[in-house]
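A look at the structure
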Amino acid sequence: MGSSPSKERYQLFQRTGSAKWQMRFSIKGQGQIKRSLETSDRFEAERKAEEIWFEANYRARQGLTAKARTFEQVAEDFITHIQREVERGERRTDQGKSEPAIIRRYFIGYFGQRPIDGITDPDLERYAEWRRTYWTEGPGKDIAYIHYERGGRRLRRPVKRAAPTLSRQRGEAVLLRALFRQAMRWGYIKTPPTISLRVKRASDNRRPSFEPHEFEKLVETSLGRLGDPIMVDQPRRVRSKDQRSWTIKKLDEHTRRDRTILHAYIMIAAFSGFRPTEMRNLNWGDVLGYRKGRGKPLEERDLRLRARGKGKSGIAIPQLGALPWFDALWMLFEQAVGREPNDEDPVFANERGERIGSVAKGFTELLRTCGLERDHRGVKRTPYSLRHFYISQQLAHGAEIIDISLNTITALVMIDHHYGQVRLERVVDRLSCLDARPPWRQR
């Protein structure tokens, strides 16, 4: 190995069998650094070495690593970081698959070999527009299928030629912010650039819920379906004044049981604010205090519900209206299985004591019967609408938003974003009062 005379700042050398010059130097706290100068010319090597030396020391004084890293290098390190968090149980398993795909397709696809510390706010603005047109005008316009793996099988789905939804844009922005924040922790950048979304929002972003009179109709109709209709020998078709028609037939016990479970689901969801995933995951061991209070008057019971789902967990306090329906579900389980439920048994169980995956089909059928399948905007209601009803009613009756946030295990900003109009209704009397005129109009 040939070398130049040692310098106080750095040393130039040539490896045996190579004509190209290289340099090595040390930065306090970062150890020894070696760099290829990509030239066999001694004077050009000296010039490049000076530039690299001064840049490395400037970066070190700024608290950064001596060597600038490309966006792709940092992004791949971040993917490794995500996968390790998944292995430790700090991230959901699905994030270990979906997030690397997003990072490689979009983030690396756009920023690639650019130095990560050279990416600015305007660059992020240009990226946002590139991302919106990725599948219509950009690199994705020639891609026919997206390939993915599920359950060990390689699958594919056709590309949707449209701009990403606002929800997807937000989710990807959160991931990109996390990448830049991690790059800052690793010392690759000083301050993360600003990542913002400037999109036109829909005029009404409220989620489909129920007005109080609509929920009352839903409950009355559901309860009415639990009893036997008019006894008939043969099924009979009837028609109402509004031209709706249906068939009357004797109610069998299997159908009665399913409808009772659905009604219990409605009451518990509407008076606890649980998400459908949390309802599905609910075991009897998650109904804290139920066994101790069973048999007591409802007013004397102290129940808590342990929520598990959507990557979150917590304890929620149900309202009184939910409590008697736990008794009904307990009784149905005993009748079907022949024993009391254990802590690991599901609250919503079929006749074999197995967990019910979804009530969406039965719920939709009930909504159609009530004429409540869609709200006034034409937005289709789902079991999630029961959670929205709970939050809307709490806000309308003056509950503090922070208490609702804690009880529903959701962020304050999400409640404010989706239910702001409901909060406005709380002060409608003051806003519409004829005497509430500005001081200059009261003379």
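1. Here we look at the overall build of the chain
A tally of helices and strands in the chain yields 15 helices and eleven strands. By the burial criterion, 40% of the 443 residues in the chain qualify as buried. In the chain, of all internal contacts separated by at least 6 residues, the share reaching a separation of at least 24 is 57%. With the model as given, the accessible surface of the chain reaches about 26400 Å², and the carbon-plus-sulfur share is 50%.

2. Examining the pattern of salt bridges
Across all of its chains, the model carries 29 salt bridges by this definition. When the shortest N-O distance is used, the salt bridge between Asp-123 and Arg-126 registers 2.8 Å. Taken as a pair, Asp-123 and Arg-126 lie in helix H4 (residues 121-132) at a separation of three residues, close to a single helical turn. Through salt bridges with shared partners, a single ionic network connects Glu-44, Arg-47 and Glu-51.

3. Let's talk about the environment of Asp-77
Considering the arrangement of structural elements, one finds Asp-77 in helix H2 (residues 71-87). Look at Asp-77 and you get partly exposed, because its relative accessible area is 29%. With 102 residues separating them in the primary sequence, Asp-77 and Leu-179 have C-alpha atoms 9.6 Å apart. With near-sequence residues (within four places) excluded, Asp-77 lies in contact with Arg-69, Trp-186 and Tyr-188. A distance of 2.4 Å separates a polar atom in the side chain of Asp-77 from a polar atom in the side chain of Arg-69.

4. Observations concerning the packing of aromatic side chains
Scanning the entire structure with this criterion turns up 20 aromatic pairs. Relative to Phe-111, the ring of Phe-71 has its centre 5.0 Å away and its plane inclined at 45°; by these criteria the two rings are tilted. Of this pair, Phe-71 sits in helix H2 while Phe-111 is found in helix H3 (residues 95-111), placing the two residues 40 residues apart along the sequence. Since its relative accessible area comes to 0%, Phe-71 is described here as buried. On the basis of relative accessibility, which here comes to 1%, the residue Phe-111 falls in the buried class. For the ring pair Phe-107 and Tyr-127, a centre distance of 6.0 Å and an interplane angle of 70° mean the geometry is edge-to-face. Taken together, the positions of Phe-107 in helix H3 and Tyr-127 in helix H4 put the pair 20 residues apart, joining distant regions of the chain. The exposure class of Phe-107 is buried, given its relative accessible area of 0%. Aromatic ring contacts, followed pair by pair, group Phe-71, Tyr-106, Phe-107, Tyr-110, Phe-111, Tyr-127, Trp-130, Tyr-134, Trp-135 and Phe-180 into a single cluster. Cation over ring: Arg-24 sits above Phe-13, and NZ or CZ is 4.4 Å from the ring centre.

5. Re the confidence of the model for the chain
Detailed reading of predicted coordinates is not advised where the pLDDT is low. Scored by pLDDT, the chain has a mean of 83; 81% of the residues are at 70 or more. Model confidence for the chain, summarised as mean pLDDT per element, is weakest for helix H15 (residues 428-432) at 45 and strongest for strand S9 (residues 287-288) at 96. Confidence drops under a pLDDT of 50 for residues 3-7, and excluding neighbours within four residues, the segment shows eleven contacts in the predicted structure. Predicted confidence is poor over residues 426-443, with pLDDT under 50, and the contacts of this stretch with residues over four places away or in other chains come to eight contacts.

6. Structural notes on unusual backbone geometry
Phi at Glu-38 takes a positive value of approximately 55°, unusual for a residue other than glycine. In this structure, Glu-38 sits in the loop between strand S4 (31-36) and helix H1 (42-61). Phi at Ile-409 is positive, roughly 55°, even though this residue is not glycine. Among the structural elements, Ile-409 can be located in the loop between helix H13 (401-408) and helix H14 (412-425).

7. Considerations on a nonpolar patch on the surface
Together, Ile-402, Leu-406 and Leu-412 line one region of the surface with nonpolar side chains, adding up to about 290 Å² of accessible area. Its location among the elements puts Leu-406 in helix H13. For Leu-406, a relative accessible area of 59% corresponds to the exposed category.

8. Looking at the environment of Ile-317
Topologically, Ile-317 is positioned in the loop between strand S11 (312-316) and helix H10 (323-337). With 13 residues separating them along the chain, Ile-317 and Arg-304 place their C-alpha atoms 5.0 Å apart. Beyond its immediate stretch of four places on either side in the chain, Ile-317 contacts Leu-303, Arg-304, Tyr-390 and Asn-407.

9. A short note on the environment of Asp-327
Secondary-structure assignment places Asp-327 in helix H10. Once the C-alpha coordinates of Asp-327 and Tyr-290 are considered, the two residues, 37 residues apart in sequence, prove to be 9.2 Å apart.

10. Overview of the pairing of strand S6 (residues 153-158)
Taken across its six residues, S6 has zero buried, putting it largely on the surface. Looking at chain direction, strand S5 (residues 145-150) and S6 are connected through six bridges and run antiparallel. Looking across to S6, one finds that Tyr-148 is bridged to Leu-155. Joining the antiparallel neighbours S5 and S6 is a turn of two residues, in which Gly-151 adopts a positive phi near 60°.

So, how was this worked out
- Along each chain, residues carry numbers from 1 onward, in the same order as the chain's sequence is written.
- The predicted origin of the model limits local features to residues at a pLDDT of at least 70 and limits the giving and counting of side-chain atom pairs to 80 or more, whereas totals for whole chains, interfaces and linings rest on all residues.
- Here the side-chain values reflect all heavy atoms present in the structure, with hydrogen atoms and water set aside.
- Secondary structure follows DSSP: runs of H or I at least 4 residues long count as helices, runs of E at least 2 residues long count as strands, and numbering of each begins at the N terminus.
- Buried means the residue's accessible area, taken with a 1.4 Å probe over protein chains only, is under 20% of the maximum for its type, while exposed means over 50%, and partly exposed covers the values in between.
- By definition, residues are in contact when any of their heavy atoms lie within 4.5 Å.
- Note on areas: these come from Shrake-Rupley sampling with a 1.4 Å probe, and a residue is covered only by the protein chains present in the view.
- The salt bridge criterion pairs a side-chain nitrogen of Lys or Arg with a carboxyl oxygen of Asp or Glu, the two atoms within 4 Å.
- Counting of polar contacts relies on pairs of N or O atoms within 3.5 Å, with two restrictions inside protein: one atom must be capable of donating a hydrogen and the other of accepting it, and residues adjacent in sequence are counted only when both atoms are side-chain atoms.
- Put simply, two rings from Phe, Tyr or Trp (the six-membered ring, in Trp's case) pair if the centres are within 6.5 Å, and we call them stacked under 30 degrees between planes, edge-to-face over 60, tilted for the rest.
- Throughout this description, the term charge over a ring refers to an Arg CZ or Lys NZ atom that lies within 6 Å of the ring centre and within 35 degrees of the ring normal.
- For every residue, the pLDDT score states the predictor's confidence, bounded by 0 at the bottom and 100 at the top.
- Only residues whose relative accessible area exceeds 30% and that form no salt bridge enter a patch; like-charged residues are grouped when within 9 Å of one another, and nonpolar side chains (Val, Leu, Ile, Met, Phe, Trp, Tyr) when within 5 Å.
- Strands are labelled as partners when DSSP assigns at least two bridges between them.

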